[in-house]
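Listed here are the chains, written in short residue letters.
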Amino acid sequence: MKAAVWHGVKDVRVEDVELKPTKSNEVVVRVAYAGICGSDLHEYLEGPVFIPVDQPDELTGGQAPLTMGHEFSGVIEKVGPDVANFKVGDHVSINPTVTKGISSDDLDVYDGYSFIGLSTDGGFTSYVNVPEDNLYHLPEEFSLKLAATIEPTAVAVQAIKEADLRFGEKVVIFGAGPIGVLVAAAAKAAGATKIVAVDLSEIRLRKALEMGATDVINPSQVPDTVAAIKNIIPGGADASFEVAGVQPTFEQAIDATRPRGSVVIVSIFAKPISFNPMQLMNAGVKLTTTIAYSKETFQQTVALVSSGQINVEPVITDTISLDSIVSDGFESLTSDKSQAKILIDLSKD
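- As named in an unreviewed UniProt entry, the chain is Threonine dehydrogenase related Zn-dependent dehydrogenase, taken from Leuconostoc mesenteroides subsp. mesenteroides.
- Under the UniProt heading Cofactor (unreviewed entry), the note attached to the chain is "Zn(2+)".
- Quoted verbatim from the Sequence similarities (unreviewed entry) field of UniProt, the annotation for the chain is "Belongs to the zinc-containing alcohol dehydrogenase family."

### Details of the UniProt feature "domain: Enoyl reductase (ER)" (unreviewed entry) in the chain
Right, on to step 1. Here, UniProt's "domain: Enoyl reductase (ER)" (unreviewed entry) annotation points to residues 8–344.
Right, on to step 2. What you have in residues 8–344 is 29% helix and 25% strand, and the ends, taken at the C-alpha atoms, are 21 Å apart.

### Regarding the pattern of salt bridges
Right, on to step 1. Scanning the entire structure with this criterion turns up 11 salt bridges.
Right, on to step 2. One salt bridge connects K10 with E331, and the closest N-O pair in it is separated by 3.7 Å. Of this pair, K10 sits in the loop between β1 (2–8) and β2 (11–16) while E331 sits in helix α11 (residues 325–335), and the two are 321 residues apart along the sequence.
Right, on to step 3. Assessed through its relative accessible area of 28%, E331 is described here as partly exposed.
Right, on to step 4. With its nearest N and O atoms 3.3 Å apart, the salt bridge here joins K207 to E210. Here E210 and K207 lie together in helix α6 (residues 202–211), a separation of 3 residues that amounts to about one turn.

### Re the sheet that holds strand β16 (residues 286–289)
Right, on to step 1. Here we have 6 strands laid out as an open sheet, ordered β13-β12-β11-β14-β15-β16, and parallel in their pairing. Sheet topology places β13 (215–217) and β16 at the edges, where each strand pairs with a single neighbour. Mean inter-strand twist for the sheet, computed between neighbouring axes without regard to direction, equals 20 degrees.
Right, on to step 2. Inspection of the sheet shows strand β14 (residues 237–242) paired to strand β15 (residues 257–265) by 5 bridges, in the parallel sense. What sits directly across from E242, in β15, is I265.
Right, on to step 3. Against the sheet, helix α7 (residues 225–232) touches β11 (170–174), β12 (194–198) and β13, its axis set at about 165 degrees to β13.

### Some details on the packing of helix α5 (residues 178–189) against α6
Right, on to step 1. One way to put it is that α5 packs onto α6 with a least axis distance of 8 Å and a crossing angle of 25 degrees. With respect to α6, the element α5 is oriented roughly parallel. Once α5 is placed against α6, the crossing between them reads as right-handed. Only R204, K207, A208 and M211 of α6 make contact with α5, whose side of the interface consists of V181, L182, A184 and A185.
Right, on to step 2. Residues belonging to the contact of α5 with α6 are distributed by class as follows: 6 nonpolar, no polar and 2 charged.

Definitions and limits used
Residues numbered from 1 in each chain as written. Predicted model: local features only at pLDDT ≥ 70, side-chain atom pairs only at ≥ 80, totals over all residues. Heavy atoms only, no water. UniProt positions renumbered as here; feature names shortened; annotations may be inferred. Helix = DSSP H or I, 4+ residues; strand = E, 2+ residues; numbered from the N terminus. Salt bridge = Lys/Arg side-chain N within 4 Å of Asp/Glu carboxyl O. Buried < 20%, exposed > 50% of the residue type's maximum accessible area, 1.4 Å probe, protein only. Pairing = 2+ DSSP bridges. Axes fitted to C-alpha atoms, helices over the stretch in contact; angles between N-to-C directions. Contact = heavy atoms within 4.5 Å. Parallel < 35°, antiparallel > 145°, perpendicular 65-115°, else oblique. Left-handed = near helix turned anticlockwise from the far one by under 90°. Nonpolar A, V, L, I, M, F, W, Y, C, P; charged D, E, K, R; others polar.

Okay, structure coming up:
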């Protein structure tokens, strides 16, 4: 079968691979759709970030070269003898996180986490082995195409939870890429009354409005971004989400947040930034971070997306074939700001 395999920076090859033997606690998922994540793009442009190169991953045993893809949905083709709660034909969403499984669920994501599709073979192929513990049932009538967006939406839902956002509160989101607009959608579902998106791209700001933002700001068109935010949200936001991953937006997120409000860092920073703790202390703002999600959050996201309470359809901007994943996927996301979530259609392969 064909797979998109990471070999190195800007070296992702569509090549023939063999499915590894299925373990007793695993199922074989026939992949329907798989999304290209921002972390996949980081691996393509700058990696290895998460992909193990020098030695096998501690939890999964995987090592480059490996099949990428951790945002995917599909149908169970085969079940191992120890699988108890799933059967052939079940439609499933996949939580790709692999942890030691020792800590409580709210801490477990940080318990030496690895990822299917980043530290072991993933879903940019026709068939993939997935442990039963990573599977979530989907309603059979729910679109497997939309289901491929559940994983990045779970990132957004976890960010909203980390901010302890409450009904009627007001938020600002710095960065209107795929995760940023999904944070807007999740904030809307959580009852935020003002959702301000900040980005330099007019195309992305329009997408943010489509996904739930109430207001948008293009920093290139205002003399002072923070002042523009406080003109919309006097006193500052209850929660700010940093989803751009650069120094200016990190500082602006702190300055745009009210005292005792929260700044949640969601982005993956490509390089270090400098940080003056006094800026944070003088503002009286709480700073936290999030990466991935708990199992509880993933299950909640399955319910929110499959019920339509979070509308993910607008985030999908293109559907491509596996053969064109480099040119129409990675390269397109690098150069075309109109692209948000690009899916690979594997349902006919």
